[in-house]
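Fold and geometry: a report
Each chain is listed here by its residues.
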Amino acid sequence: MKHPFLSLIIFALALPLAAQDGLEINKIFKGEVVNEKAMKESLVKGDNLAPYKLRVLHTAKFTVGDSRRDEVEALFEEDMKGRLSEDDENLELEYRDGHLYYAIVQLTDTRKGQHRYICYQCRKTTGGHGITLVYMEGKASLCDLRNTFKKK
Amino acid sequence: MNEDINDLLARYMEGETTQEEQRLIAEYLRQTDPLPYEMKPYKQMFDLIGERPEVPTAKALEHFAKGQDPSKPPLKGEASFAARFSPFKGELERVLVRRVLLLAAACIAAFAFILLMPQKADENLAIAYIDGKELADQTLAMQMGQEALTEIFSNGNQEQQLTELFNEP
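Residues numbered from 1 in each chain as written. Chains lettered and ligands numbered in written order. Predicted model: local features only at pLDDT ≥ 70, side-chain atom pairs only at ≥ 80, totals over all residues. Heavy atoms only, no water.

Before going further, it helps to examine helix H3 (residues 66-80) of chain A. Residue and element names in this part refer to chain A. Over its 15 residues, H3 runs 21 Å from end to end, which matches the ideal 21 Å to within 8%, given 1.5 Å per residue. Every buried residue of H3 is listed here: Arg69, Val72, Glu73, Leu75, Phe76, Asp79 and Met80. The arc that holds every buried residue of H3, seen down its axis, measures 160°, which confines them to one face. For H3, the elements touching its buried residues are helix H2 (26-29), strand E2 (54-64), strand E3 (91-96), strand E4 (99-111), strand E5 (114-125) and strand E6 (128-138). (Helix = DSSP H or I, 4+ residues; strand = E, 2+ residues; numbered from the N terminus. Expected span 1.5 Å × (residues − 1). Buried < 20%, exposed > 50% of the residue type's maximum accessible area, 1.4 Å probe, protein only. Arc of directions from axis to C-beta. Contact = heavy atoms within 4.5 Å.)

Have a look at this one:
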């Protein structure tokens, strides 16, 4: 290793590039599961999210067939293993016809005071299954998020 | 004796004498007085050889490599200190120490970088990707994010729920 400085700095720079790194659903956000062209994706970080007490919001929406739905579902379920607890406060889960239909999961924090959430929703559409996938990170509690985003 | 010494000297010049024979030649040249004229160049040569510094023994070299003075018993801590500055090991040690220091400095720099990076990560960023195209449209990205969250926390928008309800077989 001729340039340890350079290598470590590159490593350090690469760390925060994807906040949801280490999660299986990152493969979906990276376009490894569903073609990027078939996805509507948004990535917001920083001050824009301050009103919601969030610092990272990554969303993806796409429509897929049965096999891809199963793949996405499996990846999400794998990440669900890292959930904070089984309490209703930290977890909302619904299965229909043996498939994950809706989920809001609080994961264990990787940074103190920064909560992490993954959300999944799968609806039947004319073209297959419309999936919405969300990764969030910030100080907001699940209760805060429900109050902010739940339609009255 | 003269014949013997002549024979020994001839063998010495051919490099065939043993150490013992060389000692005998040296002793003869040192002790014989008067020395025959033809032997004088050999005496001069042996005198010169006798003046050369003593070749260190293997044990002395070993002590030297360890940085110890063979004439003194090593004191506690002295051996390692001396070894560290031994001329044989010095260069290697310096290179190693320099590399370790460089690596340590690199680690410190990297950790400092990592600690500072959260602020970088929090820098404002709003990107939307539609049809594989990156759109640096803050409003659009925020709108898409909010819509997704509203949809999730309302457990599906009403339009979708109604569609599903009426499409149920």
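Our next topic: the environment of Ala50(A). Within the element layout of this structure, Ala50(A) appears in the loop between strand E1 (39-45) and E2. The class for Ala50(A) is partly exposed, based on a relative accessible area of 49%.

Here we take up the confidence of the model for chain B. Residues shown with low pLDDT carry predicted positions that ought not to be read at fine detail. Residues and elements named next belong to chain B. The share of residues in chain B with pLDDT of 70 or more is 64%, and the mean pLDDT across the chain is 75. Taking the mean pLDDT of every element in chain B, the minimum, 52, falls on helix H5 (residues 78-84) and the maximum, 90, on helix H7 (residues 138-153). The ipTM, which scores confidence in the relative placement of chains, is 0.80 for this predicted complex, and the corresponding pTM is 0.56. (pLDDT = per-residue confidence, 0-100.)

As a further point, take the pairing of strand E1 (residues 125-130) of chain B. As judged from the 6 bridges shared by E1(A) and E1(B), these two strands associate in the antiparallel manner. Looking at E1(B), one finds that Leu43(A) is bridged to Ile127(B). In this structure, E1(B) lies alongside strand E2 (residues 133-135) of chain B, joined through 3 bridges in antiparallel fashion. The residue of E2(B) that forms the bridge with Ile130(B) is Lys133(B). Between E1(B) and E2(B), which pair antiparallel and follow one another directly, the connecting turn spans 2 residues, one of which, Asp131(B), has a positive phi of 55°. (Pairing = 2+ DSSP bridges.)

Our focus in this paragraph is the confidence of the model for chain A. Looking at chain A, pLDDT values average 84 and 85% of them are 70 or higher. For the stretch residues 13-17 of chain A, pLDDT sits under 50, and the model shows 8 contacts to residues farther than four places along the chain or on other chains.

Moving on, we get to the pattern of salt bridges. Under the defined criterion, the tally for this structure stands at 13 salt bridges over all chains. Among the salt bridges present, the one from Lys27(A) reaches Glu24(A), with a minimum N-O distance of 2.9 Å. The class for Lys27(A) is partly exposed, based on a relative accessible area of 34%. Put simply, Glu20(B), Arg23(B) and Glu27(B) are held in one network by salt bridges that share partners. (Salt bridge = Lys/Arg side-chain N within 4 Å of Asp/Glu carboxyl O.)

Attention now goes to the packing of aromatic side chains. Residue and element names in this part refer to chain A. Scanning the entire structure with this criterion turns up 4 aromatic pairs over all chains. Here Tyr52 and Phe149 contribute two aromatic rings whose centre-to-centre distance is 5.0 Å and whose plane-to-plane angle is 45°, an arrangement assigned as tilted. Of this pair, Tyr52 sits in the loop between E1 and E2 while Phe149 is found in helix H4 (residues 142-149), placing the two residues 97 residues apart along the sequence. Assigned by exposure class, Tyr52 and Phe149 land together as buried. An angle of 40° between the planes, with centres 5.2 Å apart, marks the rings of Phe76 and Tyr120 as tilted. One end of the pair, Phe76, is in helix H3; the other, Tyr120, is in strand E5, and 44 residues separate them in sequence. (Phe/Tyr/Trp six-rings, centres within 6.5 Å; stacked < 30°, edge-to-face > 60°.)

One finds Phe62(A), Phe76(A) and Tyr120(A) to be the most contacted residues of the largest nonpolar core, which totals 27 residues. Listed by contribution, the elements that provide at least two residues to this core are H2, E1, E2, H3, E4, E5 and E6 of chain A. The contacts of Tyr120(A), once residues within four sequence positions are left out, are Arg69(A), Val72(A), Glu73(A), Phe76(A), Leu100(A), Tyr101(A), Tyr102(A), Ala103(A), Ile131(A), Thr132(A), Leu133(A) and Ile152(B). Leu54(A), Cys119(A), Val134(A) and Met142(B) belong to the second-largest nonpolar core, a separate cluster that totals 25 residues. (Core = buried A, V, L, I, M, F, W, Y, C linked by side-chain atoms within 4.5 Å.)

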